[in-house]
Amino acid sequence: MALTLQQFLSAVGDAVIICDADGIITAWNPAAERLFGFTQGEALGASLDIIIPERQRQRHWSGYHQTLHSGTTRYGTSLLNVPALTRDGGTISIAFTVALLPGEAGQPASIAAIIRDDTTRFNEERTLRKRLAEAEQQAKRPT
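Calculation criteria
Residues numbered from 1 in each chain as written. Predicted model: local features only at pLDDT ≥ 70, side-chain atom pairs only at ≥ 80, totals over all residues. Heavy atoms only, no water. Helix = DSSP H or I, 4+ residues; strand = E, 2+ residues; numbered from the N terminus. Rg over C-alpha atoms; globule rule 2.2 N^0.38 Å. Buried < 20%, exposed > 50% of the residue type's maximum accessible area, 1.4 Å probe, protein only. Areas by Shrake-Rupley, 256 points an atom, 1.4 Å probe, with all protein chains shown as cover. Salt bridge = Lys/Arg side-chain N within 4 Å of Asp/Glu carboxyl O. Contact = heavy atoms within 4.5 Å. Polar contact = N/O pair within 3.5 Å; in protein donor to acceptor, adjacent residues only side chain to side chain. Patch = residues over 30% accessible without salt bridge, like charges linked within 9 Å, V, L, I, M, F, W, Y side chains within 5 Å. Phe/Tyr/Trp six-rings, centres within 6.5 Å; stacked < 30°, edge-to-face > 60°. Pairing = 2+ DSSP bridges.

An unreviewed UniProt entry lists the protein under the name PAS/PAC sensor protein, with Musicola paradisiaca given as the organism.

Below, the structure is given as structure tokens:
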């Protein structure tokens, strides 16, 4: 049985977002809808800015365009961790990998991201770092 891209996108548990060279969303699966709160109808044709916090946008777009121009991503297959926006204006922590999708001429024409919510892990790590810093400060105090 041949699985179509649409069947795969609907079945996979992680959010999948595909954007064209201009950063316009061309694919948005049900998991992306659950994660970010935007319906497929709201997301398709919109700029990726709908999920990128304002303070991250310049850095994001610089890297995005460099990646498309060079045909390589400096992150390779590494898991990236960044903040993201939800439809209700909240911020979550996401972890994702990217893949460059070639166009007709073989040059990258789109970027796909496979994304999951990493907020719980991020918050737990932040709490542990804070506790560690407090313990280190306490250990430095004379007794």
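To continue, consider the overall build of the protein. When you go through the protein residue by residue, the secondary structure sums to five helices and five strands. Against the globule reference of 15 Å for 143 residues, the protein gives a C-alpha radius of gyration of 18 Å, more extended than a compact globule. Taken along the three principal axes of its C-alpha coordinates, the protein extends 70 × 35 × 30 Å. Every one of the 143 residues in the protein was classed for burial, and the buried ones make up 31%. Working note: accessible area of the protein is about 9400 Å², and carbon and sulfur atoms make up 54% of it.

Let us now look at the pattern of salt bridges. For side chains of opposite charge, pairing can occur when their charged atoms come near one another. By the definition in use, this model includes seven salt bridges. Through salt bridges with shared partners, a single ionic network connects Asp118, Arg121, Glu125 and Arg129.

Take the environment of Glu33 next. Examined against the element boundaries, Glu33 turns out to sit in helix H2 (residues 30-36). On the accessibility criterion, Glu33 (32% relative accessible area) is partly exposed. Distance from Glu33 to Arg87, taken between C-alpha atoms, is 9.5 Å for residues 54 residues apart in sequence. Excluding its chain neighbours within four sequence positions, the residues that come into contact with Glu33 are Trp28, Phe38, Thr39 and Gln40. A polar contact of 3.3 Å, which involves the side chain of Glu33, links it to the backbone nitrogen of Gln40.

Our next topic: a nonpolar patch on the surface. A cluster of nonpolar residues, Leu3, Leu5 and Phe8, forms a patch on the protein surface that exposes about 310 Å² of accessible area. Looking at the secondary structure, you find Phe8 in helix H1 (residues 5-11).

Attention now goes to the packing of aromatic side chains. Inspection of every chain in the model, using the stated rule, returns three aromatic pairs. Here Trp28 and Phe36 contribute two aromatic rings whose centre-to-centre distance is 5.6 Å and whose plane-to-plane angle is 40°, an arrangement assigned as tilted. Ring geometry for Trp28 versus Phe38: centroids 6.4 Å apart, planes at 80°, classification edge-to-face. Placement of Trp28 in strand E2 (residues 25-28) and of Phe38 in the loop between H2 and helix H3 (40-43) is noted, with a sequence separation of ten residues between them. On the accessibility criterion, Trp28 (1% relative accessible area) is buried. The buried category is assigned to Phe38, whose relative accessible area is 12%. A connected cluster of aromatic rings, assembled from ring pairs, spans Trp28, Phe36 and Phe38.

For strand E1 (residues 15-20) and E2, the ladder comprises three bridges, and the chain directions are antiparallel. Bridge pairing in E2 places Ile17 opposite Trp28. The hairpin formed by E1 and E2 contains four residues between the paired strands, and Gly23 there has a positive phi angle of roughly 80°.

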